[in-house]
Structure formats: C-alpha cells, structure tokens
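Examining the three-dimensional arrangement
Here are the chains, one letter per residue:
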Amino acid sequence: MRLLLFVSNTIIPLLIFYIVGTGLIQKQNIYEEFIRGAEDGFHTVIKIMPTLIGLMVAVGVLRASGLLDTLSFLLGAAVKQIIPAEIIPVFVIRLFSNSAATGLVLDIFKEHGTDSLLGYTASIMMSSTETVFYTMSLYFMSVKIKKTRWTLPGALLAAVAGAAASIVLAQIILS
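Scope of this entry: the structure provided in the associated data block. (Residues numbered from 1 in each chain as written. Predicted model: local features only at pLDDT ≥ 70, side-chain atom pairs only at ≥ 80, totals over all residues. Heavy atoms only, no water.)

Let's shift gears to a nonpolar patch on the surface. Among the surface-exposed residues, Leu3, Phe6, Val7, Ile11, Ile12, Ile16, Val20 and Leu24 lie close enough to one another that they form a single nonpolar patch of about 780 Å² accessible area. Turning to its location among the elements, Val7 is positioned in helix H1 (residues 2-25). (Patch = residues over 30% accessible without salt bridge, like charges linked within 9 Å, V, L, I, M, F, W, Y side chains within 5 Å. Areas by Shrake-Rupley, 256 points an atom, 1.4 Å probe, with all protein chains shown as cover. Salt bridge = Lys/Arg side-chain N within 4 Å of Asp/Glu carboxyl O. Helix = DSSP H or I, 4+ residues; strand = E, 2+ residues; numbered from the N terminus.)

Printed below as a string of structure tokens:
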C-alpha cells in the first residue's frame, strides 16, 4: 500500500521534471512552448463554449422539468425486474453531464446509503460509463468533424454495457 501511495504522489512531479528535462536537453524554449500550448487551449475553449453552455442549459431544463422523474417511472415499470428505478435517471443524465449525475448519486447515497445495492450500483456505473453526448459534442466541435458515422451507436452500446455490468457487479459484491 505504501508503494502505491508513493507512486501516486510522485508520478506527476516526475512527469513534469521529465518533460522540462527533455526540453532543456533538446535546447528548446520550454516557456514559449508552454505559452503557445496555453493559447491554443484557450482558443479551443472559446470555440466550444456555445456547446458547453447549451449542454448545461439542456441538463438544467431536464432536471427542473421533471422529465427525468417521468422517464424513470415509465422505464422503471418496464424494466423493474432488471434495473432499479432509482438508477435510470443517473444513467440518462450521465450521458449528458457528469456533475448532474454526481448530484443524483449523492441523493441516492443520502436516501439509501453508500453500502446499499443502489449505492454500489450508482458508484460502479459512474466509473464504467461516459458522458457520451458531452464528449462527442466537445470532441467533434473542436476538430470540426461533421459525420459521426457509428460513434453514437457504439458509445451508447458501451454505456448500456457499463450500466449492465455495474448492476451485475454490485449484486456480486453484496452477495
């Protein structure tokens, strides 16, 4: 355990020293390269800002409108033998926003506890699924890709697989 803590505490500083050392050995102006990279990053943020704002507004509207509660009720009735109804809003929101899904998971923790089946399922789901629409919109906007082909179906399939795995793994952990 101490080795793991040592590695986790030293890996980032060692990586920084390696990058700076390599730049010095190759006689590059490290500071100018850093500033140029920061400028590029800033320009990228400006380009994707409208997408970020749109996604945040859409998630806020979904949460405030009660659509998630309705969706979880409708889907929960159809799949109540397979998926707990409280997990469905977490899965749906996780596709759009990590922070909103984290808020829902914290609500599950408060109501059912962290060591409950729902708590374990929500925790594992958060680590085994991705913010599909957020990631796709940011990535495709920043590199100007217009045709996404099979990205969305593949990403949604992976998200469903991650959610299913989280349900199975949580049940295994508690048994």
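Residues Ile87, Val90, Phe91, Ile93, Ile108 and Met125 are the most contacted members of the largest nonpolar core, which totals 23 residues. Broken down by secondary-structure element, the contributors of at least two residues to this core are helix H4 (87-94), helix H5 (98-112), helix H6 (117-128), helix H7 (132-142) and helix H8 (151-174). Here the element with the most residues in this core is H4; it accounts for 6 residues. Non-local contacts of Ile93, meaning those with residues more than four positions away in its chain, are made with Val59, Arg63, Leu68, Ala100, Ala101 and Leu104. (Core = buried A, V, L, I, M, F, W, Y, C linked by side-chain atoms within 4.5 Å. Buried < 20%, exposed > 50% of the residue type's maximum accessible area, 1.4 Å probe, protein only. Contact = heavy atoms within 4.5 Å.)

Locating Thr129 in the fold gives a position in the loop between H6 and H7. Exposure remark for Thr129: the relative accessible area of 7% places this residue in the buried category. Within the local environment of Thr129, its side chain forms a polar contact with the backbone oxygen of Met125, the two atoms lying 2.6 Å apart. The contact partners of Thr129, leaving out residues within four places of it in the chain, are Arg94, Ala159, Gly162 and Ala163. (Polar contact = N/O pair within 3.5 Å; in protein donor to acceptor, adjacent residues only side chain to side chain.)

Turning next to the packing of H4 against H6. Between H4 and H6, whose axes approach to 10 Å, the crossing angle comes to 10°. As summarised for this structure, H4 and H6 are arranged roughly parallel, according to the angle between their axes. On the side of H4, the interface is formed by Ile87, Val90, Phe91 and Arg94, while H6 contributes Leu118, Thr121, Ala122, Met125 and Met126. Taken together, the residues of the contact of H4 with H6 break down into 7 nonpolar, 1 polar and 1 charged. (Axes fitted to C-alpha atoms, helices over the stretch in contact; angles between N-to-C directions. Parallel < 35°, antiparallel > 145°, perpendicular 65-115°, else oblique. Nonpolar A, V, L, I, M, F, W, Y, C, P; charged D, E, K, R; others polar.)

Quick look at the packing of aromatic side chains now. Any aromatic ring pair is given by two values, namely how distant the centres are and how the planes are angled relative to each other. Under the counting rule described, the total for this entry stands at 2 aromatic pairs. Aromatic pair Phe96 and Phe133: ring centres 4.7 Å apart, planes at 15°, arrangement stacked. With Phe96 in the loop between H4 and H5 and Phe133 in helix H7, this residue pair connects regions lying 37 residues apart in the sequence. Owing to a relative accessible area of 23%, Phe96 belongs among the partly exposed residues under this scheme. (Phe/Tyr/Trp six-rings, centres within 6.5 Å; stacked < 30°, edge-to-face > 60°.)

Residues of H7 that are buried include every one of Val132, Met136, Ser137, Leu138 and Phe140, and no others. Summarising the contacts, the buried residues of H7 are in contact with helix H2 (30-65), H4 and H8. A positive backbone phi angle near 60° is found at Lys144, which sits one or two residues after H7.

If you check H6, its first and last C-alpha atoms are 16 Å apart, about what 12 residues at 1.5 Å a residue would give, namely 16 Å. Within H6, the full set of buried residues consists of Leu118, Gly119, Thr121, Ala122, Ile124, Met125 and Met126. (Expected span 1.5 Å × (residues − 1).)

For the rest of this paragraph, the subject is the packing of H2 against H7. One way to put it is that H2 packs onto H7 with a least axis distance of 9 Å and a crossing angle of 150°. Viewed along their axes, H2 and H7 adopt a mutual orientation that is roughly antiparallel. The two elements H2 and H7 cross, and the hand of that crossing is right-handed. On H7, the residues touching Thr44, Lys47, Ile48, Thr51, Leu52 and Leu55 of H2 are Phe133, Tyr134, Ser137, Leu138, Met141 and Ser142. For the contact of H2 with H7, the per-class residue count stands at 7 nonpolar, 4 polar and 1 charged. (Left-handed = near helix turned anticlockwise from the far one by under 90°.)

Within the secondary structure, Leu104 sits in helix H5. What makes Leu104 buried here is its relative accessible area of 15%. Remark: the alpha-carbon pair of Leu104 and Thr121, spanning 17 residues in sequence, is separated by 13 Å. Those residues within four positions of Leu104 in sequence are excluded, and the remaining contacts are Arg63, Pro89, Val90 and Ile93.

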